[in-house]
Amino acid sequence: MKIAFSTAGDTLESPFNSTFGRAPKFLIYDLERRNFEVIDNRQNLNAAQGAGVKSAQTIAKSGVQCLISGHCGPKAFRVLSAAGIKVYYCNAPTVVEALTQFDANALTAASSADVNGHHG
């Protein structure tokens, strides 16, 4: 299973980013292989609109089954759900802490977006 984390960095120790659509990067962690890759999301940082949807499309193309982020707007949540990607909300300080919480079954899959659109 592959999991996407919103982040600003390139390592598991990087700060966890609380926003989804405008997260600078996504760390894609492969649970089976215990390795990861980082996807740059800078093209959406300053988008006037549609950052969440474009980020969701990027995540869907990466082959992940789950997204762990701090927040997710309604349009992005719909795109992720349509792609079969489960969304988990988390407020961990680092990516590795968010992964630890996921591994410990301490996170619950979201049933809806947790913010209105245009949540920076």
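Our structure is the block above this text.
Keep in mind it's a predicted model, so treat the numbers as computed, not measured. (Residues numbered from 1 in each chain as written. Predicted model: local features only at pLDDT ≥ 70, side-chain atom pairs only at ≥ 80, totals over all residues. Heavy atoms only, no water.)

*Asks:* What exactly am I supposed to notice about the pairing of strand β3 (residues 35-40) here?
*Replies:* Strand residues, when the strand is regular, have side chains that alternate between the two faces of the sheet. Bridging between strand β2 (residues 25-30) and β3 involves 6 bridges; their strand directions are antiparallel. Bridging across to β3, phenylalanine 26 finds its partner in isoleucine 39. Linking two consecutive strands that pair antiparallel, namely β2 and β3, is a turn of 4 residues; a positive phi of about 55 degrees is found at arginine 34 within it. (Pairing = 2+ DSSP bridges. Helix = DSSP H or I, 4+ residues; strand = E, 2+ residues; numbered from the N terminus.)

*Asks:* Sorry, what's going on with the nonpolar core here?
*Replies:* Across soluble globular proteins, nonpolar side chains show a tendency to be buried alongside one another. Formed by 17 residues in total, the largest nonpolar core has its most connected members in Ile3, Phe5, Tyr29, Ile68, Cys90, Ala98 and Phe102. When residues of this core are traced back to their parent elements, those giving at least two are β1 (2-7), β2, β4 (66-69) and α3 (95-103). If you tally residues by element for this core, the top one is α3, at 4 residues. Ignoring any residue separated from it by four or fewer positions in sequence, one finds phenylalanine 5 in contact with Phe16, Lys25, Phe26, Leu27, Tyr29, Ile68, Val95, Ala98 and Leu99. One finds Ala4, Ile28, Phe77 and Val87 within the second-largest nonpolar core, a separate group that totals 16 residues. (Core = buried A, V, L, I, M, F, W, Y, C linked by side-chain atoms within 4.5 Å. Buried < 20%, exposed > 50% of the residue type's maximum accessible area, 1.4 Å probe, protein only. Contact = heavy atoms within 4.5 Å.)

*Asks:* I would appreciate a short explanation of helix α1 (residues 51-61) in the present structure.
*Replies:* Structural remark: α-helix, 3.6 residues per turn; residues separated by three or four positions point the same way. Within the span of α1, buried status applies to Ala51, Gly52, Ser55, Ala56, Thr58 and Ile59. Angularly, the buried residues of α1 cover 160 degrees about the axis, an arc narrow enough to put them on a single face. Of the surrounding elements, those touching the buried residues of α1 are β1, β2, β3 and α2 (74-82). (Arc of directions from axis to C-beta.)

*Asks:* Looking at this structure, I do not really get the packing of α1 against α2. What am I missing?
*Replies:* Helix packing geometry: the angle between the two helix axes and the distance between the axes. In contact at an axis separation of 8 Å, α1 and α2 are set at 20 degrees when each is read in the N-to-C sense. Viewed along their axes, α1 and α2 adopt a mutual orientation that is roughly parallel. When the axes of α1 and α2 are compared, the crossing they make is right-handed. Each of Gly52, Val53, Ala56, Gln57 and Ile59 in α1 lies in contact with α2, whose residues at this interface are Lys75, Ala76, Val79 and Leu80. For the contact of α1 with α2, a count of residues per class yields 6 nonpolar, 2 polar and 1 charged. (Axes fitted to C-alpha atoms, helices over the stretch in contact; angles between N-to-C directions. Parallel < 35°, antiparallel > 145°, perpendicular 65-115°, else oblique. Left-handed = near helix turned anticlockwise from the far one by under 90°. Nonpolar A, V, L, I, M, F, W, Y, C, P; charged D, E, K, R; others polar.)

*Asks:* Is there a simple way to explain the side chain of serine 6 in this structure?
*Replies:* In this structure, serine 6 sits in strand β1. When its relative accessible area of 0% is taken as the criterion, serine 6 is described as buried. Engagement of the side chain of serine 6 in a polar contact is seen with the backbone oxygen of asparagine 17, the distance being 2.6 Å. With residues up to four places along the chain from it excluded, the contact list for serine 6 reads Phe16, Asn17, Thr19, Ala23, Lys25, Phe26, Ile68, Ser69 and Gly70. (Polar contact = N/O pair within 3.5 Å; in protein donor to acceptor, adjacent residues only side chain to side chain.)

*Asks:* In this structure, what is going on with the pattern of salt bridges? I would like to understand it.
*Replies:* Counted according to the given criterion, the structure contains 3 salt bridges. The salt bridge partner of arginine 34 is aspartate 103, with a shortest N-O separation of 3.6 Å. Here arginine 34, found in the loop between β2 and β3, pairs with aspartate 103, found in helix α3; they are 69 residues apart in sequence, far enough to count as distant. Exposure remark for aspartate 103: the relative accessible area of 39% places this residue in the partly exposed category. Between aspartate 40 and arginine 42 there is a salt bridge, and its shortest N-O distance comes to 2.6 Å. Overall, the relative accessible area of 31% leaves aspartate 40 in the partly exposed class. Overall, arginine 42 belongs to the exposed group, its relative accessible area being 56%. (Salt bridge = Lys/Arg side-chain N within 4 Å of Asp/Glu carboxyl O.)

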